[in-house]
Structure formats: structure tokens, C-alpha cells
Amino acid sequence: MKALVWHGKQDIRYETMPDPEIEDGRDAIIKVTSCAICGSDLHLFHNFMPGMKPGDIVGHETMGEVVDVGKGNKALKVGDRIVVPFTIWCGECHQCKRGNYSVCERSNRNAKLAELAFGHTTAGLFGYTHLTGGYPGGQAEYLRVPMADTTHIKVPDHFTDEQALFLSDILPTGWQAAVWCDIEPEDTVAIWGAGPVGQMAIRSAVLLGAKQVIAIDFLPERLSMAAAAGAITINPGEESVKDRLNELTDNMGPDKCIDAVGMESHSQILPEHLYDRTKQSLMMETDRPHVLREMMLMCRPGGVLAVAGVYGGVLDKIPFGALMNKGLTLRTGQTHVNRWTDELIELIDEGALDPSFVITHTEPLANGPQMYPTFESRKDNCIKVVLKPGQEAA
Amino acid sequence: MAWKYGSDSSLTGSDALVRGIGLFALGLGVAEMVSPGRFTKMFGLEGKENLIRAYGVREIGSAIGTLSINPQPALWARAAGDMMDLVTVALGTRSDNQEQKRNAWIGIGAAAGFAALDAFAATLMGKRGGERPPPADYSDRSGLPKGVEASRGYYRQKREKGPAVATHDMRKDRMHSGGTQADSDRSGRAGNPAQTETDIGPPPIPAGTAVS
Ligand SMILES: NC(=O)c1ccc[n+]([C@@H]2O[C@H](COP(=O)([O-])OP(=O)(O)OC[C@H]3O[C@@H](n4cnc5c(N)ncnc54)[C@H](O)[C@@H]3O)[C@@H](O)[C@H]2O)c1
Ligand SMILES: [Zn+2]
Ligand SMILES: [Zn+2]
């Protein structure tokens, strides 16, 4: 089969790989009909996440049709149409029983590695470093889904791929971040990053009833998409985030803050940016935590910071004093995808939400190697790329 | 589109060129720092060893930038640095030593060539990932088919109206779910607000229509 394969920094190739096979009774194999490139894939593209090996198949936002099922898998049958959540979960361990699927204790086959890095293992993830199991990803013609009897989302037949695909990751990620905020009707929710995750967080905050939603990003086209859902926008390249936030909140600061940027944030403060960038290049700091710092300083005392953006390792110069003394609550995590599935399917089904709005580019899978730089450089007004294995490259 | 590294790689010929420049700069920078005397002798700049060492530091700095994921600023800085080199080696044309004089002229040519190459590579990097058209207007993409105002609090109202939620005190649920991650995780999903303190069991594994 053909797949997108990681070979190093900024080197993604469209290559022929062996077809996946059933390895365990709970497995299923799907023929991929649609998959997408995620902001998290950019961290791999930039080689900022440790634990990738040349030859790894990337991709973790995938859906398709079941073509083979393991003997022990009673939940799926050939022909089922499923979305694959990016977190692999067993359904049996202590964490899965509590709905904490992204920290499933059994799905990471490299648990020892993860324990070294994080103290404990976290769930296995598709196409995302050997720290999280090194499972082949879904930007491919076929995908083996381990623990597929739990690790799947059956979608109603009348949903299009475009409506269903993002149940795999960015939609529940934006939703989880907003839920983590415990939004109340009087709340102002400020969201850093108007990429696909930020866009989903904006819609989620609106549906959960925030009075005022503020979106912060440098890219005008992304801000226009944020404004489409009623968000007030701030462009840090043109105005002071601090001044604008204070102006919009009677100098109180936003009640809730969401980080939808993660480890590669840009800073307008040049010395800060150079400091983090240099340390990151020299591998003395793995992440550039500008947004985290800004949220801690801006958030109203007693507020909540929900971190959806991905971080990889050690961070520097965090104003922890502000976090502690202001009594802020910090909530994070890879998304417990399946935990939010039912309510999100309901919202789509009721016509209250249509996640396909975020797609700006649809291309054959074979064009993946060009679409990574297009998404990376934010050129061509690119916000979200969907790849179709079935389509012929032009 | 430029030629590709492999047959189907995201790395283009321009990326290869830039990596070449970065590695060359690294080598040159190290050489300038380790044996500046070779350069001063070659170009008739005796006594300016410390200047050459400083250039070495500059060269290494620009190499790190050139090899990073966003090489364009470093490439422009390199082009400017090349002009500094040009002016410096030009001093050697006043040397009485014919060989040094000749080297200085060669050096001028080389520095001008590198400046052009670095500027060219910088423009190539500007085109990376395609052209930048004017920002698109996506203000018709709300994703909220009922309209923004009708959607505000839609899910919240649904919870409040739903039969299971009718007697439920949301504040209690929220207080319960606030606190620590562990608490909130036990309180279950946002979509299951009917759970109260008496209901601190494992939340149901999503079942039914969505997941079987
Ligand atoms: N927690 C999870 O399970 C999960 C799931 C999916 C994605 N993510 C993470 O969420 C983050 C965002 O993903 P995405 O797909 O939207 O990526 P993206 O790269 O398209 O979006 C990031 C956006 O942040 C903006 N940005 C950069 N610096 C900023 C700053 N200082 N202030 C405001 N905005 C800034 C960028 O312009 C960009 O639009 C990534 O870190 C990704 O890894 C997490
Ligand atoms: Zn993702
Ligand atoms: Zn588990």
C-alpha cells in the first residue's frame, strides 16, 4: 500500500509500505477513505517531538471502511464505516474505566520508554513517536487499528466523511478544552491559536454558553474564520494582547483561557522569542512556552487554563508564582476522544455543529508531501488539509 | 515545482541547497575560529585575527539559523554578512604582496557570489509551501448552522432541559468536577451531567449509537 512516511526533519515521503495485517484478535483493518494533517503532525515534521524513527508512517486523523476483523472482535464487522480515535484504549484498565482514555495503561506497547520520559505510561497513539507505542499512522491506504473493539467510532450513515472525520481528534480536542473550562454564562473565554483546534474550541465555547469568546492569532484568514463563529479577534502582530484583553474584560482578564497553540508558539517580544528559539535549537529546552506564560499572566484570578496545545518536554521561565498566587486551575491532556463522542455526534446530527467548515484543502494522498509544507508555512490560506487515498494525483 | 530529494519527498531541491549552505557555513565558521591566521595570511589581513574569529562566531550563528526549520531570516542575514566579508577582504587589495592581492580579488568575487547565492536561497525559501495570496475571507464558515446567537449556550440549554438533568444542580456538578483532574474524571463526561456525588462510579464506557 501507499503511505506518508517520516524520514527526518521536514522530510515526509509518499512511499510503498507493506499492507497491515491482523496481529491480534481485537484488531481491525480499515481501508482509509479520508485522513487529515494535524497541527501535531507539524511538531513531528519539525522534528521537535523526540522518539520518531525514519520509516514511521504518520497520521492520526483517519476514517474508513472495515475490511478485516480479528477473531476476538465482536464489536465490528467487515463493511462497517468507522472513524478512528487517535488515542488507542483498552477499555479495561483503571484509567479507561474512568474515561481517561488518553492515559490508558495498556495500549502503549513501549510503556517502559514512556515511563522514562513521563514517569508513567500514557496511551498508545497512531503515527506519533515510539514514546506512544510507535503504531503506524493513518495517512495511508490501509490502517491496522489495535484494540479496535473499543478504539473506534461508528458514524451515522448520513454523515459525510467531512462531517465525521474530525471526531477522531480536533473536534473532541477543542470540545475537551472548553469543557475543562467549566464555562458559565457570564464567562469570557480567551483562546490562543486559531488553527483547527482553536476553531473547534471557539465553536465549543459558544455551544457551552460563553458570553464572550476571544480568539488570538497572527493570521488574518484564521481570524476571519474565528469571527465567523462570533469570536472577537486579536492579532498580536498588530495590537497588544494584554491591552485588548483588559479592554474587553473591564481590566479583569478573561475568566478562562485555552492554549490551542502548543510547543511552537511565536512571541512578539523579540528577546523572549530568540531566547526560546535558541534554546530549542540547541536542545536545551524542548518547547517554546510563550502562550503558557501569557495565559498565566492574563487570566483572571481564580480562573482556569485549559491546555490543548501539545508540549513535549521541559519548559523554561514559567511564571508559576502567578499561577499559584492567583489560584489558577491548570487542566491539560491529550484528548480522551471517545469520552466526548456521543454528545458531539448528537450535536452534528441535530444540525447544531458542522465541523467540515474548517477544511480549506482536499487533495489526493499522493500529494501529501507537498501539503505538509503548504500547511506548515500557512501559505495558500491553508487551515486544514484532508487527504484522499482513493483519488488519483493530478 | 523544484526537483525533489527523493522521488516523492516533501524536501525540495531548494531545501537541499539551503542545507548545503548551512553545512558549509558551519565548516567555514569553525575554520575561522580555530585558525584565523590562515585567512589573514591569505588575504593580507595580518593583525586582524580577532576580527576573523568574530566572523567565525557570526558564521556559526547563521549556520544554526540556516539549518533550522525557518532558514529565511538567517539566509538574509548571511547575505548581509557576505557583504561584510567582501569589504574586509577588499582591504587586502592594497597589499604589496602580489599573491595576497590576487587572493583578495578572488575573495571579493567569492563573497559577492555567496551574497547572491544566499539572497537567492532566501527568496526560494520565501516561496516554500506555495505563494502567499492575500488573506482569504472565511467569514462565511461559521460551522454553526443554526447561527451564532441561536448556538450560544445550545448545549447548555439542552442539558438543562433534558429530563435527566431537570433536578440536577449544575453548580454542584461543576463544583464537583472543578478541583482536581481525578475528581473531574470521576464525575464523568460533560454529556453526562446527571451524575452526582452519589454516582461516583466509573462513568459508562461510551456506548449506544456511537460506539458499540
Ligand atoms: N491535546 C490534544 O489531544 C491535541 C490534539 C490535537 C492537536 N493538539 C495540539 O493543538 C495545537 C494546535 O493544533 P492545530 O492543528 O490547531 O495547529 P496549527 O499549527 O494549525 O495552529 C496553531 C496556531 O497558533 C498560532 N499561534 C502561534 N503562536 C501564537 C501566539 N503566540 N498567540 C496566538 N496564536 C499563536 C499559529 O498562527 C497557528 O494558527 C498543536 O500543539 C497540536 O499539537 C493537541
Ligand atoms: Zn492531532
Ligand atoms: Zn485502558
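Residues numbered from 1 in each chain as written. Chains lettered and ligands numbered in written order. Predicted model: local features only at pLDDT ≥ 70, side-chain atom pairs only at ≥ 80, totals over all residues. Heavy atoms only, no water.

Peer 1: Can you walk me through the coordination of the zinc ion (ligand 3) in this structure?
Peer 2: Octahedral metal centres with six donors ideally show angles of 90 or 180 degrees, and tetrahedral centres with four donors ideally show 109.5 degrees. Residues and elements named next belong to chain A. Here the zinc ion (ligand 3) is held by the protein donor atoms Cys90 (SG), Cys93 (SG), Cys96 (SG) and Cys104 (SG), which lie 2.3 to 2.4 Å from it. Geometry at the zinc ion (ligand 3) is tetrahedral, judged from the 4 donor atoms that bind it and their angles of 105 to 116° at the metal. Motif for the zinc ion (ligand 3), donor spacing along one chain: C-x2-C-x2-C-x7-C. Comparing Cys96 with Cys104, the two get one shared label, buried. (Donors = N, O, S within 2.8 Å, 3.2 Å for Na, K, Ca; no water. Tetrahedral: all angles 85-135°; square planar, octahedral: opposite > 155°, others 65-115°. Buried < 20%, exposed > 50% of the residue type's maximum accessible area, 1.4 Å probe, protein only.)

Peer 1: So what exactly am I meant to see when it comes to the confidence of the model for chain B here?
Peer 2: Residue and element names in this part refer to chain B. The predicted model of chain B has a mean per-residue pLDDT of 78, with 73% of residues at 70 or higher. For chain B, the element scoring lowest by mean pLDDT is helix H8 (residues 170-177), at 35; helix H6 (residues 148-151) scores highest, at 97. Ignoring residues within four places in sequence, the model shows residues 1-6, a span with pLDDT below 50, making 14 contacts including any to other chains. With pLDDT under 50 throughout, residues 164-212 is counted as low confidence; its partners more than four residues away or in other chains account for 96 contacts. Here the predicted complex carries an ipTM of 0.93, next to a pTM of 0.88. (pLDDT = per-residue confidence, 0-100. Helix = DSSP H or I, 4+ residues; strand = E, 2+ residues; numbered from the N terminus. Contact = heavy atoms within 4.5 Å.)

Peer 1: What's the story with the coordination of the zinc ion (ligand 2) in this structure? I'm lost.
Peer 2: Residues and elements named next belong to chain A. Around the zinc ion (ligand 2), the protein contributes the donor atoms Cys38 (SG), His60 (NE2) and Asp169 (OD), which lie 1.8 to 2.3 Å from the metal centre. Donor residues binding the zinc ion (ligand 2) come from one chain and are separated in sequence as C-x21-H-x108-D. Of this pair, Cys38 sits in the loop between strand E3 (28-37) and helix H1 (39-45) while Asp169 sits in the loop between helix H4 (161-164) and helix H5 (170-180); the two residues are 131 residues apart in sequence, bridging distant segments of the chain.

Peer 1: Is there a simple way to think about the pattern of salt bridges in this case?
Peer 2: Side chains bearing opposite charge may pair, as long as their charged atoms lie close to each other. Residue and element names in this part refer to chain B. Inspection of every chain in the model, using the stated rule, returns 28 salt bridges over all chains. In this structure, the salt-bridge partner of Glu59 is Arg78, at a minimum N-O distance of 2.7 Å. Placement of Glu59 in helix H3 (residues 49-66) and of Arg78 in helix H4 (residues 72-90) is noted, with a sequence separation of 19 residues between them. By relative accessible area, which is 2% here, Glu59 ends up buried. Between Arg78 and Asp118 there is a salt bridge whose closest N-O contact spans 3.3 Å. Pair noted here: Arg78 is in helix H4 and Asp118 is in helix H5 (residues 98-126), with a separation of 40 residues, a long-range link. No difference in accessibility class separates Arg78 from Asp118, as the two residues are buried. (Salt bridge = Lys/Arg side-chain N within 4 Å of Asp/Glu carboxyl O.)

Peer 1: Explain the packing of aromatic side chains here, please?
Peer 2: Aromatic ring pairs are described here by two measures, namely the spacing of the ring centres and the angle between the planes. Residue and element names in this part refer to chain B. Per the counting criterion, the structure on display carries 5 aromatic pairs over all chains. Pairing Phe24 with Phe114 gives two aromatic rings, centres 5.1 Å apart and planes at 25°, and the pair type is stacked. Taken as a pair, Phe24 in helix H1 (residues 13-34) and Phe114 in helix H5 lie far apart in primary sequence, 90 residues in all. Residue class for Phe24 comes out partly exposed when judged on its relative accessible area of 38%. (Phe/Tyr/Trp six-rings, centres within 6.5 Å; stacked < 30°, edge-to-face > 60°.)

Peer 1: Even after reading the chapter, I still don't get the domain arrangement of chain A, so can you show me in this structure?
Peer 2: Note on interface size: it is often stated as the accessible area lost on association of the parts. Residue and element names in this part refer to chain A. Under the domain assignment, chain A is made up of domain 1 (2-169 + 336-388) and domain 2 (171-332). Taking the mean C-alpha position of each, domain 1 and domain 2 sit 25 Å from one another. Contact with domain 1, which involves 33 residues of that partner, is made by 23 residues of domain 2. Of the roughly 2,500 Å² buried between domain 1 and domain 2, counting both surfaces, carbon and sulfur atoms make up 70%. Inspection of the region where domain 1 meets domain 2 yields 0 salt bridges. Between the two partners, domain 1 and domain 2, sit 9 residue pairs in polar contact (both at pLDDT 80 or more). If you list the elements that add at least two residues to the side of domain 1 that touches domain 2, you get H1 and helix H12 (341-349). Here the side of domain 1 that touches domain 2 gets 4 residues from one element, more than from any other, and that element is H12. Taken together, the residues of the side of domain 1 that touches domain 2 sort by class into 21 nonpolar, 7 polar and 5 charged. (Domains from an automatic or database assignment. Buried area = accessible area lost by both parts, 1.4 Å probe. Polar contact = N/O pair within 3.5 Å; in protein donor to acceptor, adjacent residues only side chain to side chain. Nonpolar A, V, L, I, M, F, W, Y, C, P; charged D, E, K, R; others polar.)

Peer 1: Even after reading the chapter, I still don't get the pairing of strand E17 (residues 361-364) of chain A, so can you show me in this structure?
Peer 2: Along any regular strand, the residues point their side chains to alternate faces of the sheet. Residues and elements named next belong to chain A. Looking at chain direction, E17 and strand E18 (residues 385-388) are connected through 4 bridges and run parallel. Residue His361 lies in a different strand from E18, and its bridge partner there is Val385. Since E17 and E18 lie parallel, the crossover through helix H13 (residues 368-376) that links them has a hand, and here it is right-handed. (Pairing = 2+ DSSP bridges. Right-handed = clockwise from strand over helix to strand, strands pointing away.)

Peer 1: Looking at this structure, how should I read the environment of B:Lys146?
Peer 2: Structurally, the position occupied by B:Lys146 is in the loop between H5 and H6. Note on B:Lys146: relative accessible area 38%, which makes it partly exposed. Distance from B:Lys146 to B:Glu49, taken between C-alpha atoms, is 72 Å for residues 97 residues apart in sequence. Discounting residues that sit within four places of it in the chain, B:Lys146 has contacts with A:Glu350, A:Gly351, A:Ala352, B:Ser151 and B:Tyr154. A polar contact is formed between the side chain of B:Lys146 and the backbone oxygen of A:Glu350, at a distance of 3.2 Å.

Peer 1: I'm lost on the packing of H1(B) against H5(B) in this one. Help?
Peer 2: Axis angle and axis distance: for two packed helices, these are the angle between their axes and the distance between the axes, and together they describe the pair. Residue and element names in this part refer to chain B. Between H1 and H5, the least distance of the axes is 10 Å, while the angle of their chain directions is 135°. Of the possible angle classes, the one that applies to H1 and H5 is oblique. Handedness of the H1/H5 crossing: left-handed. Packed against H1, whose contacting residues are Ser14, Asp15, Leu17, Val18, Ile21 and Phe24, the element H5 presents Phe114, Leu117, Asp118, Phe120, Ala121, Leu124 and Met125 at the interface. The residue makeup of the contact of H1 with H5, split by class, is 10 nonpolar, 1 polar and 2 charged. (Axes fitted to C-alpha atoms, helices over the stretch in contact; angles between N-to-C directions. Parallel < 35°, antiparallel > 145°, perpendicular 65-115°, else oblique. Left-handed = near helix turned anticlockwise from the far one by under 90°.)

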